[in-house]
Amino acid sequence: MSNQKDSCITLASGFSFDYGNLYGAGKVTADDVKALSERLAAAEEAVVYMRSTGEVRGHLSKDGTPEKVLFTQLPYVVEGNLNSPPSIGRLKEFGKSLQNRVDAVVSFGIGGSYLGNKVLFDVHCGEFWNSKSLKERNGYPKLYFNGNNIDARRTADMVEHLLAEARLKVVHGQSDSYKVTLVVISKSGGTLDTMSTFMVVYDALKRQAPLLEIEVVAVTDPAEGEKATLLKKLAAEQGWPTFSVPDGVGGRFSIFSEVGLVTAACIGFDIDAFLAGAQAMDKVCQNADIYQNPAKLNAALKFIAAEKYGRDIEVFMPYADYLKSVAEWYVQLLAESLGKRTDREGKEVFYGRTPIVAVGTTDMHAQTQQHQDGKKDKVVQFVKIVEWEQDAIIPDVFPKAAKLSEISSLRLSQALDVAREANAQALINDERFNATFVLPRLNAYHLGELLYMLALSVAYEGELANVDAFDQPGVEAYKRIMGPRLTAMKAK
Ligand code: PA5
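Residues numbered from 1 in each chain as written. Predicted model: local features only at pLDDT ≥ 70, side-chain atom pairs only at ≥ 80, totals over all residues. Heavy atoms only, no water.

Draft legend 1. A look at the layout of surface pockets. Looking at the second largest pocket, its volume works out to about 870 Å³. Tyr322, Trp388, Glu389, Gln390 and Leu442 are the residues nearest the centre of the second largest pocket, which is lined by 28 residues in total. Counting only elements with at least two residues in the lining of the second largest pocket, the list comes to α4 (115–125), β13 (378–387) and α14 (412–429). For the lining of the second largest pocket, the leading source of residues is α14, giving 4 residues. When the residues that make up the lining of the second largest pocket are grouped by side-chain class, the tally is 14 nonpolar, 8 polar and 6 charged. Both domain 1 (2–62 + 277–475) and domain 2 (83–269) contribute no fewer than three residues apiece to the lining of the second largest pocket. (1 Å grid on protein atoms, 1.4 Å probe; cavity = no way out; pocket = protein on both sides within 12 Å on 5 of 7 lines; lining within 4 Å. Points joined across faces, edges and corners; volume = space filled by probe spheres on them. Helix = DSSP H or I, 4+ residues; strand = E, 2+ residues; numbered from the N terminus. Nonpolar A, V, L, I, M, F, W, Y, C, P; charged D, E, K, R; others polar. Domains from an automatic or database assignment.)

Structure follows, in structure tokens:
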């Protein structure tokens, strides 16, 4: 059930899309949306068809063969689906097997094999998880990411850090060894960034046996035999357990698959609630009425804002530190899905809206000057959390400092919200488009709603722009140059 009031779609869960500063006189108008009605109807039909068959017109895999698009199936945990009761059960068992046994997990991956995992980590664990006690972590391991860059210094620092942790544990007589699980995530199974850093860390840690004990888990394409990825073959050879990056689920949609859920399992994140939120959003977004369907409306308003009003940059600006990684995840989703040279008929269109990461209030002291006074080429997309699990009342500790005393007795969450509202108001006062996604609380369920809505929204926008939202041919260009250069370098 949703309810449209004052340019705002509010779902039964309390999640809402407030688009009042993006829609109306001087913004995207009702007539603009009406003028798009034929394309919207076609987009609706295409999304409905994709949801029921997995087929998307013209979508081909990297090797040029038709490929299904199945991310809309992921929220439904059903026998025979990509996420099924046994597959979710196995993930949870994996999580339990780490509890009170494994000291640290290192998750290797890049792009779609990292960004969603980092979101789940940040939202559930926050910044200081690795400094918390085992009890505070409910027995779950510390968690580190690597492979998200080819950075020798950070990799060496991480290895050093793990060694120092291991020595500390042994010196304190808590155990004879420090156990580390390396989770290697790569759909293609051979990505340079992921695999090079994995090999460096694997070797460095292995040399420290018996102080360090390592085990490896691989997450990759499940194909067997000739089509098996390098990582899959390696896992079979070495006897490493595996999870799957299912066929038909591209990296940027894989947070709801075993890719994201492996990290969820490692930290005790609520998988059921996360998928339930995504499922509830999928159901709401089956409403053909655009004003009741947040994914379709978001896509249409931003498409029109870009095409008709030149607002083809989207600043994704959550007001919460731990949602910065959602903005980073969204950058990949928007850029890889919609930044396309040609339409589906092969005509050059150079479509795409440029995503920008920002965080409130931080970037009000950095980017806002440009958002407010620079080119009118942006939509600023805010994310607001209504109820904070932790809050603080600003104390009146310096009563003689009038300016500081004035803000005392306010809650930090109130100060944050006033800052966001003021930013939104100042922008719209100058016809600078913005909108707000409102999450009642920052939890697994509402996160599932938000991320799924964004994923579905790019599917709608791909239809409106007539581009394939599910391929990424552009990233092959540098790979064709890099591959031979790496080979030549090795030969020298
Ligand atoms: O969205 C994508 O397809 C990419 O960002 C990939 O996720 C990224 O390149 C990593 O690829 P792989 O999982 O094959 O290592």
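Don't stop here, the text continues.
Draft legend 2. Region of the structure containing the pattern of salt bridges. Enumeration according to the criterion identifies 26 salt bridges in this entry. Its salt-bridge partner being Glu461, residue Arg353 comes within 2.8 Å of it at the nearest N-O pair. Taken together, the positions of Arg353 in the loop between β11 (348–351) and β12 (354–357) and Glu461 in helix α15 (residues 444–465) put the pair 108 residues apart, joining distant regions of the chain. With a relative accessible area of 5%, Arg353 lands in the buried category. As a salt-bridge pair, Asp391 and Arg411 come within 3.3 Å of each other at their nearest N and O atoms. Remark: Arg411 occurs in the loop between α13 (402–407) and α14 and Asp391 occurs in the loop between β13 and α13; sequence separation between them is 20 residues. The class for Asp391 is partly exposed, based on a relative accessible area of 37%. A relative accessible area of 38% means that Arg411 is categorised as partly exposed. Each member of the salt-bridge network shares a partner with another, and the members are Lys302, Glu314, Arg353 and Glu461. (Salt bridge = Lys/Arg side-chain N within 4 Å of Asp/Glu carboxyl O. Buried < 20%, exposed > 50% of the residue type's maximum accessible area, 1.4 Å probe, protein only.)

Draft legend 3. Representation of the site of the ligand. Contacts to the ligand come from 13 residues, most closely from Ser113, Ser186, Ser188, Thr191 and Gln332. Between an oxygen atom of the ligand and a side-chain N or O atom of Ser186, the distance comes to 2.7 Å. Here Thr191 contributes a side-chain N or O atom positioned 2.5 Å from an oxygen atom of the ligand. Across the shell around the ligand, the residue classes tally to 1 nonpolar, 9 polar and 3 charged. Both domains that furnish three or more residues to the shell around the ligand are identified here as domain 1 (2–62 + 277–475) and domain 2 (83–269). (Near = heavy atom within 4 Å. Polar contact = N/O pair within 3.5 Å; in protein donor to acceptor, adjacent residues only side chain to side chain.)

Draft legend 4. Representation of the environment of Glu215. Its location among the elements puts Glu215 in strand β7 (residues 212–220). According to the relative accessible area criterion, Glu215 is partly exposed, its value standing at 29%. A C-alpha to C-alpha distance of 40 Å links Glu215 and Lys340, two positions 125 residues apart in sequence. If we skip the residues at most four places from it in the chain, Glu215 touches Leu98, Arg101, Val102, Val180, Thr181 and Leu182. A distance of 2.9 Å separates a polar atom in the side chain of Glu215 from a polar atom in the side chain of Arg101. (Contact = heavy atoms within 4.5 Å.)

Draft legend 5. Here's a closer look at the side chain of Glu449. Tracing the backbone through its elements, the reader meets Glu449 in helix α15. Buried within the structure, Glu449 lacks any salt-bridge partner; Arg441 is the closest side chain of opposite charge, at an N-O distance of 8.6 Å. Reaching out from Glu449, the side chain makes a polar contact with the side chain of Ser13 at a distance of 2.7 Å. Within the local environment of Glu449, its side chain forms a polar contact with the side chain of His446, the two groups lying 2.7 Å apart. (Lys, Arg positive; Asp, Glu negative; His and termini not counted.)

Draft legend 6. Spotlight on the nonpolar core. One finds Phe71, Phe274 and Leu447 to be the most contacted residues of the largest nonpolar core, which totals 106 residues. Here the element with the most residues in this core is α15; it accounts for 14 residues. Lining this core are residues from two domains, each supplying at least three of them: domain 1 (2–62 + 277–475) and domain 2 (83–269). Residues in contact with Phe71, not counting those within four places in the same chain, are Met50, Gly248, Val249, Phe253, Tyr452, Ala455, Leu456, Ala459 and Phe470. (Core = buried A, V, L, I, M, F, W, Y, C linked by side-chain atoms within 4.5 Å.)

Draft legend 7. A look at the side chain of Arg252. Looking at the secondary structure, you find Arg252 in the loop between β8 (242–244) and α8 (258–267). Of the polar contacts made by the side chain of Arg252, one reaches the side chain of Ser337; its length is 2.8 Å. In contact with Arg252, not counting residues within four places along its chain, are Gly112, Trp329, Gln332, Leu333, Glu336, Ser337, Lys340, Ala469, Phe470, Asp471 and Gln472.

Draft legend 8. Representation of the pairing of strand β5 (residues 142–146). The element β5 is largely enclosed, with a buried count of 5 among its 5 residues. Side chains Lys142, Tyr144 and Asn146 of β5 all project onto a buried face; the interleaved residues Leu143 and Phe145 project onto the opposite face, where all are buried too. For strand β4 (residues 104–108) and β5, the ladder comprises 5 bridges, and the chain directions are parallel. Across the sheet, the residue bridging to Ser107 is Phe145, located in β5. A crossover connection joins β4 to the parallel β5 through α4; in handedness this β-α-β unit is right-handed. (Pairing = 2+ DSSP bridges. Right-handed = clockwise from strand over helix to strand, strands pointing away.)

Draft legend 9. Fine view of the domain arrangement of the protein. If you check the domain split of the protein, you get domain 1 (2–62 + 277–475) and domain 2 (83–269). Distance from the C-alpha centre of domain 1 to the C-alpha centre of domain 2: 31 Å. Counting from both sides, the interface comprises 24 residues of domain 1 and, opposite them, 17 residues of domain 2. Interface of domain 1 and domain 2: buried area, both sides summed, is about 1,600 Å²; carbon and sulfur atoms make up 71% of it. Ranking the residues of domain 1 by area buried against domain 2 places Tyr322, Trp329 and Gln332 at the top, with a combined share of 37%. In this structure, the connection of domain 1 to domain 2 is made through 1 salt bridge. Here Glu336 ties to Arg252 by a salt bridge, and the two come within 3.1 Å at their closest N and O atoms. Viewed at the interface, domain 2 and domain 1 are joined by 7 residue pairs in polar contact (both at pLDDT 80 or more). (Buried area = accessible area lost by both parts, 1.4 Å probe.)

Draft legend 10. Geometry of a nonpolar patch on the surface. On the surface, a cluster of nonpolar side chains totalling about 460 Å² of accessible area is made up of Val397, Phe398, Leu404, Ile407 and Leu410. Looking at the secondary structure, you find Leu404 in helix α13. Accessibility expressed as a relative area gives 46% for Leu404, which makes it partly exposed. (Patch = residues over 30% accessible without salt bridge, like charges linked within 9 Å, V, L, I, M, F, W, Y side chains within 5 Å. Areas by Shrake-Rupley, 256 points an atom, 1.4 Å probe, with all protein chains shown as cover.)

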